[in-house]
Amino acid sequence: MKNLKTMADEELVSLYAKGNNPAFDVLLNRYKHSVHSYIYYIVRDRDLTEDVFQETFVKAIVTIKQGRYSENGKFKAWIMRIAHNLIIDIFRQERNENTISNDEVEVDLFNDVRLCDCSIEDQMVQNQVFADVRKLIRHLPENQREVLEMRYYKDMSFKEIAEVTGVSINTALGRMRYAILNMRRMVEENRMELAIA
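Along each chain, residue indices are assigned from 1 in the same order as the chain's sequence is written. Totals for whole chains, interfaces and linings use every residue, but because this is a predicted model, local features are given only for residues with pLDDT of at least 70 and side-chain atom pairs only at 80 or more, for both listing and counting. To obtain the side-chain values, all non-hydrogen atoms of the structure were used and water was disregarded.

Pairing of aromatic rings covers Phe, Tyr and Trp, the last counted by its six-membered ring, and requires centre-to-centre distances within 6.5 Å; plane angles under 30 degrees mean stacked, over 60 mean edge-to-face, and any other angle means tilted. The full count for this structure, using the stated rule, is seven aromatic pairs. For the pair tyrosine 69 and phenylalanine 75, a centre-to-centre distance of 6.1 Å together with 50 degrees between the ring planes defines the contact as tilted. Just as tyrosine 69 is buried, phenylalanine 75 falls in that class too. Pairwise contacts between aromatic rings join Tyr16, Phe24, Phe53 and Phe57 into one cluster. When the NZ atom of lysine or the CZ atom of arginine is within 6 Å of a ring's centre and also within 35 degrees of its normal, the charge is said to sit over that ring. A cation sits over an aromatic face here: arginine 46 above tyrosine 40, 4.9 Å from the ring centre. In this arrangement the basic side chain of lysine 65 is found over the ring face of tyrosine 16, its NZ or CZ atom lying 4.4 Å from the centre. Burial here depends on accessible area, computed with a 1.4 Å probe over protein chains only, as a share of the maximum for the residue type. Under 20% is buried, over 50% is exposed, and the range in between is partly exposed.

Orientation is described by axes fitted as lines to C-alpha atoms, over the contacting stretch for helices, and by angles from 0 to 180 degrees between their N-to-C directions. A run of H or I in DSSP counts as a helix once it spans at least four residues, and a run of E counts as a strand once it spans at least two, with each numbered from the N terminus. In contact at an axis separation of 9 Å, helix α2 (residues 21-43) and helix α3 (residues 46-65) are set at 140 degrees when each is read in the N-to-C sense. Between α2 and α3 lies a crossing whose hand is right-handed. Residues Asn21, Phe24, Leu28, Lys32, Val35, His36, Ile39, Tyr40 and Val43 of α2 lie in contact with α3, whose contacting residues are Arg46, Leu48, Thr49, Glu50, Val52, Phe53, Thr56, Phe57, Ala60, Ile61, Ile64 and Lys65. Residue polarity is assigned by list, with Asp, Glu, Lys and Arg as charged and Ala, Val, Leu, Ile, Met, Phe, Trp, Tyr, Cys and Pro as nonpolar; anything else, Gly included, falls into the polar class. Looking at the contact of α2 with α3 residue by residue, the classes come out as 13 nonpolar, four polar and four charged. By definition, turning the near helix anticlockwise from the far helix through less than a right angle yields a left-handed crossing, and turning it clockwise yields a right-handed one. Any two residues having at least one pair of non-hydrogen atoms within 4.5 Å are treated as being in contact.

So, about the nonpolar core. Here the nonpolar core consists of buried residues drawn from Ala, Val, Leu, Ile, Met, Phe, Trp, Tyr and Cys, with membership extended through side-chain atoms lying within 4.5 Å. Membership of the largest hydrophobic core comes to 50 residues, with the highest contact counts inside it found for Phe24, Val35, Phe75, Ile79 and Met183. For this core, the elements supplying multiple residues, two or more each, are α1 (9-17), α2, α3, α4 (75-97), α5 (120-137), α6 (142-153), α7 (158-165) and α8 (169-190). The contact partners of valine 35, leaving out residues within four places of it in the chain, are Phe53, Thr56, Phe57, Ile79, Met80 and Ala83.

Only one rule defines a salt bridge in this text: a Lys or Arg side-chain nitrogen within 4 Å of an Asp or Glu carboxyl oxygen. With the rule as written, the count across this model stands at two salt bridges. For the salt bridge of arginine 30 with aspartate 9, the shortest nitrogen-to-oxygen distance reads 2.6 Å. With arginine 30 in helix α2 and aspartate 9 in helix α1, the pair connects residues that are 21 residues apart, well separated along the chain. For arginine 30, a relative accessible area of 29% translates into the label partly exposed.

In this section: the environment of glutamate 10. Mapping glutamate 10 onto the fold places it in helix α1. Sequence-wise, glutamate 10 and glycine 73 are 63 residues apart; in three dimensions their C-alpha atoms are separated by 6.1 Å. Look past the residues within four positions of glutamate 10 in its chain and what remains in contact with it is Tyr69, Glu71, Asn72, Gly73, Lys74 and Phe75. In protein, a polar contact means a hydrogen-donor-capable atom and an acceptor-capable atom, both N or O and within 3.5 Å, with residues adjacent in sequence counting only if both atoms are side-chain atoms; elsewhere, any N or O pair within 3.5 Å suffices. At 3.0 Å, the side chain of glutamate 10 forms a polar contact with the side chain of tyrosine 69.

Even without being glycine, arginine 44 reaches a positive phi, approximately 55 degrees. A relative accessible area of 52% places arginine 44 in the exposed class.

To estimate how far a helix should reach, multiply one less than its number of residues by 1.5 Å. Over its 20 residues, α3 runs 29 Å from end to end, which matches the ideal 28 Å to within 8%, given 1.5 Å per residue. The element α3 is extensively covered by neighbouring structure, given that 16 of its 20 residues are classed as buried. Backbone nitrogen of aspartate 47 and a side-chain oxygen of the N-cap are separated by 3.0 Å at the start of α3; the cap is aspartate 45. A positive phi of about 75 degrees marks glycine 67, the residue just after α3.

Spelled out as structure tokens, the structure:
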């Protein structure tokens, strides 16, 4: 069989959708630096960068497992767009909570056409993904569920989660990683139907 590391992105996505979890790990390793660097370049905050990075790959996992990935030949652009849309959501949320002046920043995040590609359909897909993630969270071990609930329902950073739970940031991130791995396993083992009718 062909070595996973030499396969094209689309072959890896297809294998992962069929249950080959190492195929997704190759994709993650292939693009984690690009995604992480892009997020940090925009948000300029390490904790927030980690949060958005984790959320980007959770969304990718759920979307592929649901069979809703259709970006043939464009995996990198697709994963970057997920990260981009999550960043935009954060800035929109902050803009609603505070009056923000962006006169002092080099990149005008609120008036840049390239950063405004989130359609109503994208928002519906995002809402569906979060609903599906909530279903999976209910079946996780308590310490993993706690981290995910704080992150997704309370919008807490990993630094805040670590402080509240009395563990290190690395432990909180580790619990998030294991939670993601467990969700992937649950989807595959139980052939779960994530889409809500």
